[in-house]
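Residues per chain, in single letters:
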Amino acid sequence: MTDESPAAFMTGAMPGGDDVLVRVENLVKYFPVRTAGFVRRTVGNVQAVDGVSLAIPRGKTLGLVGETGSGKSTLARCVAGLLPVTSGKVTFDGHDITNLSRHRMQPFRREIQMIFQDPYGSLNPRRRVGAIIGDPFAIHKTVPAGERKRKVQELMERVGLNPEHYNRFPAEFSGGQRQRIGVARALALRPKLIICDEPVSALDVSIQAQVLNLLADLQRDYGLTYLFIAHDLEVVRHVSDSVTVMYLGRVAESGPKELVYDTPRHPYTAALLSAAPAADPDAAASRQRIILTGDIPSPIDPPSGCRFHPRCPKAQELCSQQDPPLEVKAGDAAAHLTACHFPVEAGENLAAEAAARR
Amino acid sequence: MALLEVENLTVSFPTGDGVVRAVRGVSFSVEPGQTLGIVGESGSGKTVLTQTLLGLTPGAVITGKAVFEGTDLLQLSQGQMREVRGARIAVIFQDPLTSLHPLYRVGWQISEMIRAHDKNVTKKQAAARAVELLGRVGIPHPAQRVNDYPHQFSGGMRQRAMIAMALSLSPRMIIADEPTTALDATVQAQILDLLLNLQRESDTALIMITHDLGVVADIADNVMVMYAGRAAEKGSKQDIFYRQHHPYTKGLLESIPNSSAASERLRPIPGMPPSLINLPSGCKFHPRCTYVMDRCVTEEPDLRQIHDFSHLSACWLPAAATGVGGDAEHQRAEAVAEGRTGAAVEVAEVIAASPEVAS
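Small disclaimer: the values here were computed from a predicted structure and weren't measured.

### Quick look at the confidence of the model for chain B
Residue and element names in this part refer to chain B. Confidence along chain B averages 84 in pLDDT terms, with 87% of residues attaining 70 or more. Here residues 339–345 scores under 50 on pLDDT; set against residues more than four positions off or in separate chains, the count is 29 contacts. Here residues 355–359 scores under 50 on pLDDT; set against residues more than four positions off or in separate chains, the count is eight contacts. Reported confidences for the modelled complex are a pTM of 0.83 and an ipTM of 0.78.

This is the structure:
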């Protein structure tokens, strides 16, 4: 398995069966940077997503982790068909849906839905909740107008909203309730895939747990597949079956969540995990944080070789010259992929190495 | 004597819809060199509380006392307050982009702060001090970056610049209002590390307002948990995380997904925080509380001692409902020995099953 290219591996059989709902192969998304003025010459590209492959088995959850600027939201938008893809391929349920025309994309839009981060910005404040949730029925003409109200009220009940609030405006709901409205809207057309882009980041912890439980119940009852984006590592660990860690448009590490969380091989994953504060003072006191230097670089002019090398505590000469492939490292399970020349070994003290470099 | 001693502070805002009772009788003290973590959800009054201390809540009806270095902050005139704010008590806000002026260079904004409080400092001296401060908070090439505008800084660097500004007059106390909430995890770790080091160097007191229990577990010495404008529970970090008494504190800790219960269902607190205009009767948490008793509906509990004098909880439950002693503590020790995190949840489980609570 080790000698195969990562793309070939990802397109092959996934652990736990071949039934893959979404497959992304070598996806690239560049946003051109143009000069101002009349002749808008392209002077560069924001390399938001640069060669990402992943696969999500049906009924499972893939957690996508990364910091601001890692390209996780862009990737999600490309999968949902909301952004045209620069190159690469997106396959959904056996169909190639890469850059389909509006018309041909229509049937797939029904099956791929999104839940957005901001429950305030994603609901039109001037429309009633019933109309917002019923929109998908009207657009896709799946439910005749006469039955819509009943259908919407069923949905509201399902996500834990009071169906009598059908005629209220979004402003009359709290953040958690609004996110439930977003969930109801996404659920209306019985999609197969729901892309959750930071669905609980804006919510208080006690409300966040309510929404996470709701998402878990819906997955169980309707066999939903989730692409779950979040920057909160504990939330991702809670909801995901497998995890993909992105850094500056590339996949740093991916695999089943237990492997990635318990034995991270990429120094970035290790740093991210050590940086996440745990609500446990003893653990916090005994843990050694790997403090990275600097910030995530600009995706317009990404570093040569491994994109993480300027901040990496283990970087060597080779890292700035050669881009490491995403592959199975020696001693790892076949599903655990890492893009690193010098992966973290068991028992290694990365915190000390990082401190020594600072 | 404590550096800051707040006694029975209440803050309310008269509005057209009714009186918003944002803070209802809160007392706490902060010692030099210590970190107090104030935890609570949106609308718990944690931000209003600290802004009131700095005179940043115009239009509010305020009662109580807040004695800082021997003077009551609530009695100061605007002019007197201006001398304290920034110089003796510095503030770091959540959003570093909106708290820096976009049209002025970062260095200028720091030197302005210095010169506003000390007219004897020349422009040149202030500018040199700004470079030094930026270097101290870990901004690379401070001599050049001092001339940048805020938009040329990344989020983490802006927050560092805010910290540099807060440090510029060597304050005795820093109030940090969700300073890392807008930042990524690796940058958050950098900023927390920086705050801890600076505090160690200069013996500054720190009030850390956050909704993130992880941040509190990391850097606080003492913790105050707020709910609906009041302190639900106060104590040392260990009290709050391992021997918590108030069901709201327990609920908060159980709501966080954590590794030891990775695939289990989460146990959220049911319902929503109350409206501050129309508060429930009795204990303000009773409509959401799983341990609710008759007394909770009619009578609001005051903070009272739980086991030792520094651990206080505003709850009618018997003191034995904490994790002190017995199985709960044992379970915690075991989990820590094994290096597992999230022991708090297990402890809470034992508490819930204990006969004192069930009766």
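Having put the structure on the table, let's press on.
### With respect to the interface of chain B and chain A
Note: interface size is frequently given as the accessible area lost on complex formation between the parts. Taken together, the contact pairs 42 residues of chain B with 35 residues of chain A. Listed by contribution, the elements that provide at least two residues to the side of chain B that touches chain A are helix H8 (185–202), helix H9 (213–219), helix H10 (237–242), helix H11 (247–255) and helix H14 (343–353) of chain B. Of all the elements, H8(B) adds the most residues to the side of chain B that touches chain A, at seven residues.

### Digging into the sheet that holds strand S2 (residues 18–30) of chain B
For sheets, the rule is that strands pair by backbone hydrogen bonds, running either parallel or antiparallel. Residue and element names in this part refer to chain B. Pairing is antiparallel in the open sheet, where four strands are placed in the order S2-S1-S4-S5. Lying at the two open borders of the sheet, with one neighbouring strand each, are S2 and strand S5 (71–72). Bridge count between strand S1 (residues 4–15) and S2: 10 bridges; the pairing is antiparallel. Note on S2: the bridge partner recorded for threonine 10 is arginine 24.

### A short note on the nonpolar core
Residues A:Val79, A:Ala184, A:Ile195, A:Leu227, A:Phe228, B:Ile207 and B:Val225 are the most contacted members of the largest nonpolar core, which totals 188 residues. No other element matches the eight residues that helix H7 (residues 155–167) of chain B contributes to this core. In terms of domain composition, this core takes at least three residues from each of domain 1 (4–220) and domain 2 (243–358) of chain B. Residue contacts for B:Ile207: discarding those within four places in its chain leaves B:Val30, B:Leu36, B:Ile38, B:Thr50, B:Met173, B:Ile175 and B:Ala176.

### Overview of helix H10 (residues 267–275) of chain A
Among the nine residues in H10(A), nine count as buried, and that is most of the element. Summarising the contacts, the buried residues of H10(A) are in contact with helix H8 (233–239), strand S9 (242–247), strand S10 (250–256), helix H9 (257–262) and helix H13 (350–357) of chain A together with H8 of chain B.

### A word on the pairing of S10(A)
Residue and element names in this part refer to chain A. In terms of residue burial, S10 counts as a mostly covered element, since six of its seven residues are buried. Here S9 pairs with S10 via six bridges, running antiparallel. Bridging across to S10, valine 243 finds its partner in glycine 255. Connecting the antiparallel pair S9 and S10 is a turn made up of two residues, with leucine 248 showing a positive phi of about 50 degrees. As defined by bridge partners, S10 adjoins strand S12 (residues 337–338) across two bridges and the pair is classed as antiparallel.

About the thresholds
- Residues numbered from 1 in each chain as written.
- Chains lettered and ligands numbered in written order.
- Predicted model: local features only at pLDDT ≥ 70, side-chain atom pairs only at ≥ 80, totals over all residues.
- pLDDT = per-residue confidence, 0-100.
- Contact = placed C-beta atoms within 7 Å.
- Helix = DSSP H or I, 4+ residues; strand = E, 2+ residues; numbered from the N terminus.
- Pairing = 2+ DSSP bridges.
- Core = buried A, V, L, I, M, F, W, Y, C linked by C-beta atoms within 7 Å.
- Buried ≥ 20, exposed ≤ 12 C-beta atoms within 10 Å, placed from the backbone.
- Domains from an automatic or database assignment.

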